[in-house]
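Next come the chains, spelled out residue by residue.
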Amino acid sequence: MRTEICERLGIEFPLFAFTHCRDVAAAVSNSGGLGVLGAVGFSAEQLEVELTWLDEHVNGIYGVDLVIPSKYEGKGIDGLSPEQLEAELAKNVPQQHRDFAARLLSDHGVPELPEDEHHAQLLGWTATTVAPQIEVILRHPKAKLVANALGTPPPDVVAQIQESGRLIGALCGSVKHALNHKNAGLDFVVCQGTEGGGHCGEVSSMVLWPQVIDAIGDMPVLAAGGIGDGRQVAAALAMGAQGAWTGSLWLTVEEANVPPAQMQTYIDATSHDTVRSRSWTGKPCRMLKNDWTDAWERDDTPNPLPMPLQMMVALDGVKRGHRYPEQAKDVNFNPVGQVVGMMTKVERTADVMQRLIEEYVESCERLNKLNGA
Ligand SMILES: Cc1cc2nc3c(=O)[nH]c(=O)nc-3n(C[C@H](O)[C@H](O)[C@H](O)COP(=O)(O)O)c2cc1C
């Protein structure tokens, strides 16, 4: 199971776990895989706290995931602080959108946040908000891998990360994006099929993985989108991927900081219950379909705004959903992939890792038997 990228990183298993939760990231890394912490929701100050915690709790190494999209509203506005950029972009958010989102939440009885719980509106998905996050990463030697979502990272970022001795890669949902990553000199590509949770393209993993593997030659490809057990890990490696990159799976582990009511929603959901929707982030993102996603689809309602403006409208809903998950049940942000139908019980992270490895070995034995070995 030890592939070339495992050798380069010094990890035991080619199992990569994207998560927003440091406890999950640490448990994956300490089980021989690589936990990758999603930074998008953290300010640079908060990220410093998270990575310091990871340094103390991870025996080996971990990764960090950034979001510098290739296209977003406000791209090219330079020289502003994150706060100034937020104020500038806020001018482009129509009041109609804010009112519509607020009404959806209040009509569903979702309480407002307490007065003193103000939060920034602009998450870490602009070059301006990511720059201070990169400075934080470079201060943490165990943060050995950086991945970027939604586009090829800019050349200065690639150089900065590689010169520091870290690997940098990026997600892709098409052959074209994978080739862009290769041409930019990245170290690896995460190839995510449409069934995956979060932002995704339109082509399924079974069809996309081999095309991307063929297109980018000897550059390592980590297969993502729809992996819920070791049989799928075996399939990915059989196709020539150097590892399996998972996300949804870690929403229903004991260590996840997902509120119990929301975790139950994931446990109850089937593979038919997800939709690709722009209604939270402004770009197509796979999540559970509910009253919120339906409401933004209707002809008589506002159309979602481009990234990052839609989340400036919707973030209040994310925060209220996290705090009051029972009341927000029908309008909560539940990003997850179709593999949610395989997530039927809460497990410990280390047990999921063990299960993935055992199922992988069983799959290989099944094939060996077919080959008379
Ligand atoms: C809740 C959630 C949030 C995600 N957020 C990000 C993100 O911020 N950055 C990123 O690169 N990928 C993100 N992803 C995608 C994952 O990195 C991963 O590619 C995907 O989950 C793989 O498909 P799977 O969900 O079927 O395992 C997210 C996925 C989920 C489920």
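Preceding this section is the structure that the text describes.
Residues numbered from 1 in each chain as written. Predicted model: local features only at pLDDT ≥ 70, side-chain atom pairs only at ≥ 80, totals over all residues. Heavy atoms only, no water.

Caption draft 1: Examining the sheet that holds strand 10 (residues 274-277) more closely. Strand order in the open sheet formed by three strands is 7-11-10, with antiparallel pairing between adjacent strands. Both edges of this open sheet fall to strand 7 (198-199) and strand 10, since each of them pairs with a single strand only. Judged from the four bridges that link them, strand 10 and strand 11 (residues 285-288) form a sheet pairing that is antiparallel. Bridge assignment links Thr274 to a residue of strand 11, and that residue is Leu288. (Pairing = 2+ DSSP bridges. Helix = DSSP H or I, 4+ residues; strand = E, 2+ residues; numbered from the N terminus.)

Caption draft 2: Representation of the site of the ligand. Around the ligand, 20 residues are found, and the nearest of them are Asp65, Gln192, Gly226, Gly247 and Ser248. Here an oxygen atom of the ligand and a side-chain polar atom of Gln192 are 2.7 Å apart. Look at the ligand: alone it shows 590 Å² of surface, and the protein chains cover 93% of it. Looking at the shell around the ligand, the elements that each hand over two or more residues are strand 3 (62-67) and strand 9 (243-246). Here the residues of the shell around the ligand are counted per class, giving nine nonpolar, 10 polar and one charged. (Near = heavy atom within 4 Å. Polar contact = N/O pair within 3.5 Å; in protein donor to acceptor, adjacent residues only side chain to side chain. Areas by Shrake-Rupley, 256 points an atom, 1.4 Å probe, with all protein chains shown as cover. Nonpolar A, V, L, I, M, F, W, Y, C, P; charged D, E, K, R; others polar.)

Caption draft 3: Just the nonpolar core, in detail. Judged by nonpolar contacts, the single largest core of 70 residues is most densely connected at Leu51, Leu54, Val212 and Trp250. In this view, Val212 contacts Cys172, Ser174, Val175, Ala178, Val189, Cys191 and Val221; residues no more than four positions away in its chain are not counted. Of all hydrophobic cores here, the second largest spans 31 residues; its members include Leu105, Trp280, Trp296 and Met312. (Core = buried A, V, L, I, M, F, W, Y, C linked by side-chain atoms within 4.5 Å. Buried < 20%, exposed > 50% of the residue type's maximum accessible area, 1.4 Å probe, protein only. Contact = heavy atoms within 4.5 Å.)

Caption draft 4: Quick look at the state of the cysteines. All told, the structure shown has zero disulfides when counted by the stated rule. Of all cysteine sulfurs, the one in Cys200 lies closest to Cys285, which takes part in no disulfide; the gap is 7.1 Å. For the unlinked cysteine Cys364, the closest cysteine sulfur is that of Cys6, found at 14 Å. The partly exposed category is assigned to Cys364, whose relative accessible area is 24%. (Disulfide = S-S within 2.5 Å.)

Caption draft 5: Quick look at the side chain of Gln242. Turning to its location among the elements, Gln242 is positioned in the loop between helix 10 (230-238) and strand 9. A polar side-chain atom of Gln242 sits 2.9 Å from the main-chain amide nitrogen of Ile5. Excluding residues within four positions of it along the chain, Gln242 makes contact with Thr3, Glu4, Ile5, Pro14, Pro220, Val221, Leu222 and Leu237.

Caption draft 6: Molecular detail of the environment of Thr270. Structurally, Thr270 is set in the loop between helix 11 (260-268) and strand 10. Along the backbone, Thr270 and Leu288 are 18 residues apart, and their C-alpha atoms lie at a distance of 9.4 Å. Sequence-distant contacts of Thr270, that is, excluding residues within four places in its chain, are made with Val340 and Gly341.

Caption draft 7: Representation of the environment of Ser248 within the structure. Along the chain, Ser248 turns up in the loop between strand 9 and helix 11. Between the alpha carbons of Ser248 and Leu222 there is a distance of 16 Å; along the sequence they are 26 residues apart. Aside from chain neighbours lying at most four places away, what touches Ser248 is Gly197, Val336, Gly337, Val339 and Met343.

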